[in-house]
Structures are given as structure tokens and as C-alpha cells.
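Residues per chain are reported as follows:
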Amino acid sequence: MRAFSFERATSPAEAAAAVARTPGAKFIAGGTNLLDLMKLEIETPTHLVDVNDLGLDKITPTDDGGLRIGALVRNTDLAADNRVRRDYGVLSRALLAGASGQLRNKATTAGNLLQRTRCPYFYDPAMPCNKRKPGSGCAAIGGFNRNLAIMGVSDKCIATHPSDMAVAMRALDATVETVKPDGKTRAIPIADFHRLPGDTPQIETNLQPGECITAVTLPRPIGGKHVYHKVRDRASYAFALISVAAVVRDDGTGRLAFGGLAHKPWRVEAAEAKIGDGAKAVTDIALAGAKTTPQNAFKLPLVERTLGGILTEARA
Amino acid sequence: MNDDNPIGINRREMLASGFATAAATSVPISAQAKPQPADQPNRMKVTMTVNGEKRTLDLDTRTTLLDALREHLELTGTKKGCDHGQCGACTVIVDGRRINSCLSLAVMHPEAEVTTIEGLGKPDKLHPMQSAFIRHDGYQCGYCTPGQICSAVSTLQEMRDGIPSHVTADLEGTPPFSVDELRERMSGNICRCGAYSNIMEAMLDVAGERA
Ligand SMILES: Cc1cc2nc3c(=O)[nH]c(=O)nc-3n(C[C@H](O)[C@H](O)[C@H](O)COP(=O)(O)OP(=O)(O)OC[C@H]3O[C@@H](n4cnc5c(N)ncnc54)[C@H](O)[C@@H]3O)c2cc1C
Ligand code: SF4
């Protein structure tokens, strides 16, 4: 690990300003992703700004009947919150399907959104990787890519975003609230928060340098049955091969977002009109234009069948 | 170099090289071989309460909570397995919650209350979970055991607190006490010897639900 200086910020605006004014600075929240990557020197911050003292660890109601989740709320507390369990079950389910009890006790809302890919070549500094070292090439294209993306890929990068939580937040139309180094705040719809890899896979979100996440808000509850189905290589404590976050209402309308398929949670709103026509009708639209490799083509039928199971269950 | 130790390395160094091999399943060799850069270490003071005792340390900011416990406070009960949050051997209880001490910096814990395996009980006054692990043979080599025991204690607390898990069928109800629940909640602690079934017996025993 490279040496770094360390400070504890006491307000979000101060934290943002501190990161903006120090070249090579980063925020640290739970540390469960950043420290992992710092040990491998994939991340090499020269200065860390600890955001744990910002008072952003609360979940509060919003004026329009939704919830504001502080950026520092731990994944355990978010999953266990009674309002979330009752009104946004898909979010509790997604969180509980991720990582382990120990990790969820530390992992935060903001850190979870910003966790980096689990592409094996991103983790191996001996291999080319455009995300880790722009312009070096992509070892995954033509390499071991069984668990990599099939939607929205580019010829520079086929990594997936590993978060379960973010997939549920996409289905729930969450909004990410931030404060910028100049003290101005803004709200970014989750659909516009993460980016596709394109020619710049190293730029993963539309956050500006130093921009600090303060909260994620959920709009008022939309009812329906909430399901998060994650398919993985072992029954617990493994990243998703694919996942489906679903909210299905009795009248056949609903929301669907998919994990393990792309550089961001994957949702195609037009496909949701087809929920009543079954899984194939939905995936024909949601997964149109898929670009698979021989190793990861299994994800297409896996998504369709997983969704089929969810829709059958929802109708029962 | 002496006759007892012909290759001239001590036990600690041998263990350290053993860790490197174990970690190689998850960490590329090339990353480990990289020379340390000649950058200047930064030092910081941090005070925390460890097993009921106030301790102040002056540390390189890079020191993880795990290394602070093992290398600076000589509490070597907590073990370093993968050092990447994947195995759970480093599990300790901080402010009432179990965490992976390898993925946390010591300087992030001012004023924290840390409980390690040494603080749960003493040889002459074991914590019920420690006794139960002995009674049910919840280990073989014992390397993952301190983490398993800290995790097991916290798991029962999390169930009492009504925190749901991935296998809880009814999200809005109180999670039922079951083997499936315990297994899912303990999945962050890996045991290479495969003592899982005896660990389960120990946990059921402590929870008063002997199988
Ligand atoms: C073994 C293992 C298994 C895992 N399995 C899963 C899984 O199955 N599913 C899953 O979804 N996740 C999984 N995870 C990932 C885990 O969910 C993330 O590590 C965690 O959510 C990151 O949160 P954190 O608070 O620790 O982030 P940190 O490590 O502290 O930070 C991550 C990033 O976010 C930035 N950041 C933090 N806070 C802010 C802020 N307020 N504003 C702006 N930037 C900020 C940091 O600068 C950093 O770049 C796993 C992790 C491990 C180690
Ligand atoms: S898929 Fe992306 S992260 Fe993986 S090697 Fe290629 S560029 Fe790197």
C-alpha cells in the first residue's frame, strides 16, 4: 500500500473541498472496497478524507412520502430498516444478497454505489486493462470473461458493475444527492449516475472530481410484490452471475432492473410494458442488442428463466 | 543461523510466507511481488478501547485495525487469513458489530470499543461460545476459530436484534431461529478444515436450541 495522509471531515461541503484541493485525494467510508484495492495498489490515493463523521447515517422521510437514505447508512441498517422492509422490499432483499454480515456492517450506501468492478484482469496489475490503465488494452475481451458484461459493452471494456443494492435502487427510480466542492448541491437520477464504458471505462460515474454523495432518495412507495433474485456460483457470499430486481403489481404493471449484465444496473423501461406477456416478451426488448462471448452467452437464457420464475411467483 | 533453523528464518516469517501462498488464490502474484515505493509514511495517533482497556497508538496511517491489534497491541488471537475481506479470520467486534478488521484502518476508529477473542473470555472464564466450540469440537487446525467465534457471538445478537437475512422468508416478521438462518449469517467465515457442522452445533447449544 502506498503512503497517504489522512483527515476526518466534519461537513459534506468541507469533505468535498478537501478532496478537490488535494491532488490524488479520495473519500473513504466503510473502506471495504477502497482498502482492498489500495493493498493491491490498484488505487493509490495520496490523501484520504474520512466521511464517517458527517452525520449522514440517518434514514428520514421526505416531504413527498419517500425516504432519504444518508450516504453513510450501513448496508445492514438499510436492509433492516422497517420502512424499507415494508415499502421497498426489493432493496432489503438486494442488500441481504450481497457480501457477508461483517462486510454489510461496514459497507455504506455511497461506497456500495461506487464500488469498482470485479473483472479479474482489473485486479491483476500484470495484465492489460483499460479501466485500470487507460490505453493498455482489455485482457478480458478474448480472455476469461464468463462473468462479464453482455449489454452496453464497448471494444475497450466489458466489465460489469458488481453492486446488488444499485440494481434495486435503479428499479425504484432512486436519486443520488451530492454536494460539490463549491458547496452547490445537485440531485442525479440513478439512471444517469453510472456510465457505460465507451472509450473511457476508467470514468465510471457522472460525479465531478471532489463531488461528495450525501444521500440517496427513494420516491414514494409504488406497492406491488418485491423480489430480488440473484443467481451465483454458490448459495451465499458470492457476486452475481445475473440478478433481477422486480416490483410486480397485481394489474401486471411493474419495474425490472438487471444486475451482472452491464457496466451499470440494466433497465429498459419499454420492456416493462410486456410484463403481462411473459419473460420472453420482456427480455426480447430488454436484452436486444446483447453482445455475448462464448463463455457468457449463458446469461441470456439465465435472465429469461430467472425472470420467468419471478413472474410466475408474482402471479400466484 | 543455527542448527535448529538451517534456513535461517523464524517461525513468524515462515507463517508470513504461508499467508502469501494462501492469499494467492485471490491476489495475483505479480501484485505481491511489486516493490514498496519509496514514499514517506505518515503517522497519526489514535486512541481506542480494546477489550476494556484504553490504548493509544502512534501508527503509520496504512496500518489496518487487524495489524494494529496483532503487531502493535500483541493481540495475536485475531488472525490474518486472506487480508481482503474474503475469509473472515480477522473478524472482531467494533462498537457492538462484527467487522473484517483487515478492511478497516486503525485511524478510522478513534474512541471505538473493540472486542477481540482475547476480550470475549479468559482461559479460566470462557465466554459461553468459546466453551461451546471446545465442547462441540468446532475447529480442527483452529486458525479460523477466533473469527468464527466473534462472528457466531455477533450472529446471535443480530438475530436477537431482528436483523433479517437473505434466507428470511418474511421480511416484515422476526427472523425465525433456524439452521438455515445461522448458516447464511455465518457465510462470511470460511473454514478450510470444514468444521462447519460442529460450529453449527456450538451455536445451537449457546442459543439454547440444541439440534
Ligand atoms: C469479499 C467481498 C464480497 C463482496 N460481495 C458483494 C456482493 O455480493 N454484492 C455487492 O453488491 N457487493 C459486494 N461486495 C462489495 C461491498 O458491497 C463494497 O465493498 C461496499 O459496499 C463498499 O462500501 P464502503 O462504504 O466500504 O466503500 P469504500 O471502500 O469506503 O469506498 C468505495 C468508493 O466510494 C467512494 N466514496 C465513499 N463514500 C463516498 C461519498 N460519500 N461520496 C463520494 N464518494 C464516496 C470512495 O472514495 C471509494 O472510491 C463485496 C466485498 C467483498 C470484500
Ligand atoms: S473488461 Fe474492463 S475492467 Fe476488465 S480487463 Fe477489460 S478494460 Fe479492464
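Note that the coordinates shown come from a computational prediction; the quantities given were computed from them, not determined experimentally. Within every chain, residues take consecutive numbers counted from 1 along the sequence as written. In the order they appear in the text, chains get letters beginning with A and ligands get numbers beginning with 1. The predicted origin of the model limits local features to residues at a pLDDT of at least 70 and limits the giving and counting of side-chain atom pairs to 80 or more, whereas totals for whole chains, interfaces and linings rest on all residues. To get the side-chain values, all heavy atoms of the structure are used, and hydrogens and water are removed first.

Student: Tell me about the overall build of chain A, and name the residues and values.
Tutor: The helix count covers DSSP runs of H or I at least four residues long, the strand count covers runs of E at least two residues long, and both are numbered beginning at the N terminus. Counting secondary structure elements, chain A contains 10 helices and 11 strands. Along the longest, intermediate and shortest principal axes, the C-alpha atoms of chain A span 55 × 50 × 35 Å. By the burial criterion, 60% of the 316 residues in chain A qualify as buried. Contacts between residues were defined by any pair of non-hydrogen atoms, one from each residue, lying within 4.5 Å. Sequence separation of 24 or more characterises 62% of the internal contacts of chain A that already satisfy a separation of 6 or more. Methods summary: accessible areas were calculated by the Shrake-Rupley approach with a probe of 1.4 Å, and residue burial reflects only the protein chains presented. Surface summary for chain A: the accessible area is close to 11,800 Å², and the carbon and sulfur share equals 52%. When charges are tallied, Lys and Arg are placed among the positive residues and Asp and Glu among the negative ones, while His and the ends of the chain are skipped. All charge positions are set by atom: Lys at NZ, Arg at CZ, Asp at CG, Glu at CD. Positive and negative side-chain charges of chain A, numbering 41 and 32 respectively, have mean locations separated by a distance of 3 Å. For every residue, the accessible area obtained with a 1.4 Å probe (protein chains only) is divided by the maximum for its type, and the residue is called buried under 20%, exposed over 50%, and partly exposed between those limits.

Student: Account for the domain arrangement of chain B, with residues named and values stated.
Tutor: Residues and elements named next belong to chain B. Marked domain ranges trace back to an automatic or database domain assignment. In terms of domain boundaries, chain B breaks down into domain 1 (41-120) and domain 2 (121-211). With centres defined by C-alpha atoms, the gap from domain 1 to domain 2 works out at 22 Å. The largest share of the area that domain 1 buries against domain 2 comes from Arg98, Ile117 and Leu120, three residues that together contribute 44% of it. Every case where a carboxyl oxygen of Asp or Glu lies within 4 Å of a side-chain nitrogen of Lys or Arg is listed as a salt bridge. At the junction of domain 1 and domain 2, the tally comes to one salt bridge. In this structure, arginine 98 and glutamate 158 form a salt bridge, with 2.8 Å as the shortest nitrogen-oxygen distance. Those elements that provide at least two residues to the side of domain 1 that touches domain 2 are strand S3 (91-94) and helix H4 (117-120). The greatest single-element share of the side of domain 1 that touches domain 2, amounting to four residues, is contributed by H4. In this classification, Asp, Glu, Lys and Arg are treated as charged, Ala, Val, Leu, Ile, Met, Phe, Trp, Tyr, Cys and Pro as nonpolar, and every other residue, Gly included, as polar. Tallied by class, residues from the side of domain 1 that touches domain 2 come to six nonpolar, seven polar and four charged. What counts as buried area is the accessible surface, traced by a 1.4 Å probe, that two parts surrender upon association, with contributions from both included.

Student: Kindly report on the interface of chain B and chain A, identifying the contributing residues and their values.
Tutor: Of the residues lining the interface, 52 residues belong to chain B; the matching set on chain A comes to 45 residues. Taking both partners together, chain B and chain A bury about 4,000 Å²; carbon and sulfur atoms supply 55% of that area. The largest contributions to the chain B side of the interface with chain A come from Leu103, Met108 and Leu171 of chain B, which together make up 17% of the buried area. For the salt bridge of aspartate 83 of chain B with lysine 39 of chain A, the shortest nitrogen-to-oxygen distance reads 2.8 Å.

Student: Give a description of the state of the cysteines that names residues and reports values.
Tutor: Residues and elements named next belong to chain B. Our working definition of a disulfide is a cysteine sulfur pair at a distance within 2.5 Å. According to the stated counting rule, one finds zero disulfides over all chains in the structure shown. The thiol sulfur of cysteine 193 is not disulfide-bonded, and the nearest other cysteine sulfur, from cysteine 141, lies at 3.8 Å. Judged by its relative accessible area of 28%, cysteine 193 falls in the partly exposed class.

Student: Talk me through the site of ligand 1; I want residue IDs and the actual numbers.
Tutor: Near ligand 1 there are 35 residues, and of these Phe27, Gly31, Thr32, Leu34 and Thr108 of chain A occur at the shortest range. Residues are counted as near a molecule or strand when any one of their heavy atoms sits within 4 Å of it. Each of chains A and B places residues next to ligand 1. Here a polar contact is recorded for every N or O atom pair within 3.5 Å, except that within protein the pair must consist of a potential hydrogen donor and a potential acceptor, and residues adjacent in sequence are included only if both atoms are side-chain atoms. Within the backbone of alanine 99 of chain A, one N or O atom sits 3.0 Å away from an oxygen atom of ligand 1. The contact in question runs from an oxygen atom of ligand 1 to an N or O atom on the backbone of proline 162 of chain A, over 3.5 Å. Starting from 980 Å² of accessible surface for ligand 1 in isolation, the protein chains cover 96%. If you list the elements that add at least two residues to the shell around ligand 1, you get strand S2 (25-28), helix H7 (109-113) and strand S8 (212-218) of chain A.

Student: Lay out the UniProt feature "domain: FAD-binding PCMH-type" (unreviewed entry) in chain A in plain terms, naming residues and giving numbers.
Tutor: Annotation from UniProt places "domain: FAD-binding PCMH-type" (unreviewed entry) at residues 1-223 of chain A. For residues 1-223 of chain A, helix accounts for 24% and strand for 16%, while the C-alpha atoms at its two ends are 47 Å apart. UniProt positions are given in the numbering used here, feature names are shortened, and annotations may be inferred rather than shown by experiment.

Student: Got a sec to walk through the site of ligand 2? Specific residues and values, please.
Tutor: Taken together, 13 residues lie around ligand 2, and Cys119, Cys129, Cys138, Cys157 and Ile158 of chain A are the ones closest in. A breakdown of the residues in the shell around ligand 2 according to their chemical character gives 10 nonpolar, one polar and two charged.

Student: Would you mind going over the nonpolar core in detail, with residue names and values included?
Tutor: Residues and elements named next belong to chain A. Grouped together as the largest cluster of nonpolar side chains are 52 residues, with contacts concentrated most on Ile69, Leu78, Leu91, Leu113, Met169 and Ile213. The element contributing the most residues to this core is helix H8 (residues 165-171), with six residues. We define the nonpolar core as a collection of buried residues of types Ala, Val, Leu, Ile, Met, Phe, Trp, Tyr and Cys that are connected through side-chain atoms lying within 4.5 Å of one another. Membership of the second largest hydrophobic core comes to 24 residues, among which are Phe258, Trp266, Val303 and Leu307.

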